[in-house]
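Chain and residue survey
Residues per chain, in single letters:
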Amino acid sequence: MLFPTLEFGIFFLIVFTVSWGMRWTPNPRKWFLVGASYFFYGWWDWRFTLLLFGTTVFNYLGGLALGRTERAGLRKFIVGVTVAVDLGVLAFFKYYDFFLTSLDGLLTSLGLERDLPFMEVILPIGISFFTFQGISYVVDVYRGHIQAEKSLLDVMLFKSFFPQLVAGPIVRAADFIPQLHAPVRLTREHVAVGVVLILSGLAKKMVIANYLATELVDPVFFDPTAVGALDLLVGVYGYAIQIYCDFSGYSDIAIGVAALLGYRFLPNFNQPYRAASLQEFWRRWHISLSTWLRDYLYIPLGGNRHGEAARYRNLFITMFLGGLWHGAAWTFIFWGSFHGAMLGLERWVQKKLDEFVPSHADAPGIFARAGNFAQHIVGVFWTFHLVCFAWIFFRAASFGTAWDYLRGLADWSTANEHVTPFLVSLVGLGLLFQFTPRDLGRELALSLRTLPSPLLGLLLGFGILAVWAVAPEGVAPFIYFQF
């Protein structure tokens, strides 16, 4: 069940109406939302609702066990076992075939062929997201950041809440569970924010992302040797905008739907392509994942506490595993490793520049501002193109396709077939959005909150119809469903 479909519209209308009708009975309302969330997840394959339920109960019991003991050794054992089981489940479903295929290829190349236990493992939608939520819950209880939740119902709703279940954002228990303990309220501001986010998310996904995918990105990445260099150049820019509009559009819809049900999620994107460094890019891109990797991987590895060499190592390991999290393919591993290496190199270069290049601080005001502005523009341009280079490997089906793509960028002898003024305009529009006022959406929501509720509902309905009218036919799956 995809967000921009009639099925989801009917489903959400029922959930919205019934849940607010039950707002004076908190526990029955929570049970209803859990049931609706499991129905939403089971729409794809009901068997995996058992997996979701099983991991939820296991994390709940792990949290209870941590809350009932203060013995340091036992607490460390409990959190270790719980996290290991979570990661084991994720590894089996997501990486079993990948590692076995890689091992088979290695043994064959060494002349050591073996009959390995291959099996066709179906990847459950959203397993990476709800696994990371479960891990963060248990680790936060272990660290004492939150109390162990005594209500299984609240933990079930935390892990299964349908707006963020299959493609994020990764919601922390400390941000969500306290909202379950408070009276639920639907304010005009909630509704206005929800309307603005849902409409902006639908426009980004259904119009910009879908047009770029079907008319530019999919054709040029299918066979880079058959298209011209301009197609390839605009195609990689197009993919940068497509994946941003696709994933941030999903996040906007998820946050908006949650707002209409009375719950608040933190933002997941903040104009990432205006970043002037890779470090800033990762503070703006998929914020729920980047902060998760920082808090539950980079910092436990040692962070920057043990010298520069350890810092670079920890950055690389974190981004390497972040690439592996995205998918069981060597192209994803290269993508993560590239970002890890570049983050380390960026810090090293900046450190050297700070040592040897005089600061603009002592220069006359106008010259200092000019120097800082020029440095910022160069940083934005350089960072965007580093990110786009890495996107080629993220999107390509194989290393062979990625190399063909890079070689094609240097060959301007082939005719171009896919670049049109319309598609170039969409790419330009997607880039323009990165430099609009940062609080534009919030200001728009605040201006709409004075409207009567029925008028806000009509605005949402007509906005959805307008997006549907200009969108291409069909609904392409969200890119992050595969992760």
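Refer to the structure above for everything that follows.
Cut-offs used in this document
- Residues numbered from 1 in each chain as written.
- Predicted model: local features only at pLDDT ≥ 70, side-chain atom pairs only at ≥ 80, totals over all residues.
- Heavy atoms only, no water.
- 1 Å grid on protein atoms, 1.4 Å probe; cavity = no way out; pocket = protein on both sides within 12 Å on 5 of 7 lines; lining within 4 Å.
- Points joined across faces, edges and corners; volume = space filled by probe spheres on them.
- Helix = DSSP H or I, 4+ residues; strand = E, 2+ residues; numbered from the N terminus.
- Nonpolar A, V, L, I, M, F, W, Y, C, P; charged D, E, K, R; others polar.
- Axes fitted to C-alpha atoms, helices over the stretch in contact; angles between N-to-C directions.
- Parallel < 35°, antiparallel > 145°, perpendicular 65-115°, else oblique.
- Left-handed = near helix turned anticlockwise from the far one by under 90°.
- Contact = heavy atoms within 4.5 Å.
- Phe/Tyr/Trp six-rings, centres within 6.5 Å; stacked < 30°, edge-to-face > 60°.
- Buried < 20%, exposed > 50% of the residue type's maximum accessible area, 1.4 Å probe, protein only.
- Lys NZ or Arg CZ within 6 Å of the ring centre and 35° of its normal.

Let's talk about the layout of surface pockets
Its boundaries defined by the atoms lining it, the largest pocket holds a volume of some 1,300 Å³. In terms of lining residues, the largest pocket is bounded by 37 residues, among which Leu197, Asp252, Arg438, Gly441 and Arg442 are the most central. Among the secondary structure elements, those contributing two or more residues to the lining of the largest pocket are α9 (188-222), α10 (229-260), α17 (421-432) and α18 (440-448). If one sorts the elements of the lining of the largest pocket by residue count, α9 sits on top with ten residues. Considering only residue class, the lining of the largest pocket consists of 21 nonpolar, nine polar and seven charged.

Notes on the packing of α9 against α18
In contact at an axis separation of 8 Å, α9 and α18 are set at 130° when each is read in the N-to-C sense. Classified by the angle their axes make, α9 and α18 are oblique. Between α9 and α18 the crossing geometry is right-handed. Residue-level inspection shows Glu189, Ala192, Val193 and Val196 of α9 in contact with α18, the latter providing Gly441, Arg442, Leu444, Ala445, Leu446 and Leu448. Tallied by class, residues from the contact of α9 with α18 come to seven nonpolar, one polar and two charged.

Brief notes about the packing of aromatic side chains
Aromatic ring pairs are described here by two measures, namely the spacing of the ring centres and the angle between the planes. Summed over all chains, the structure comprises 54 aromatic pairs. Between Phe39 and Trp43, the ring centres sit 5.7 Å apart and the planes meet at 70°, which makes this aromatic pair edge-to-face. Under the relative-accessibility criterion, Phe39 is labelled partly exposed at 46%. Assessed through its relative accessible area of 46%, Trp43 is described here as partly exposed. Between Arg29 and the ring centre of Trp20, over which it is positioned, the NZ or CZ distance is 4.7 Å. For the cation-ring pair, Lys94 lies above Trp325, with the distance from its terminal atom to the ring centre recorded as 5.2 Å.

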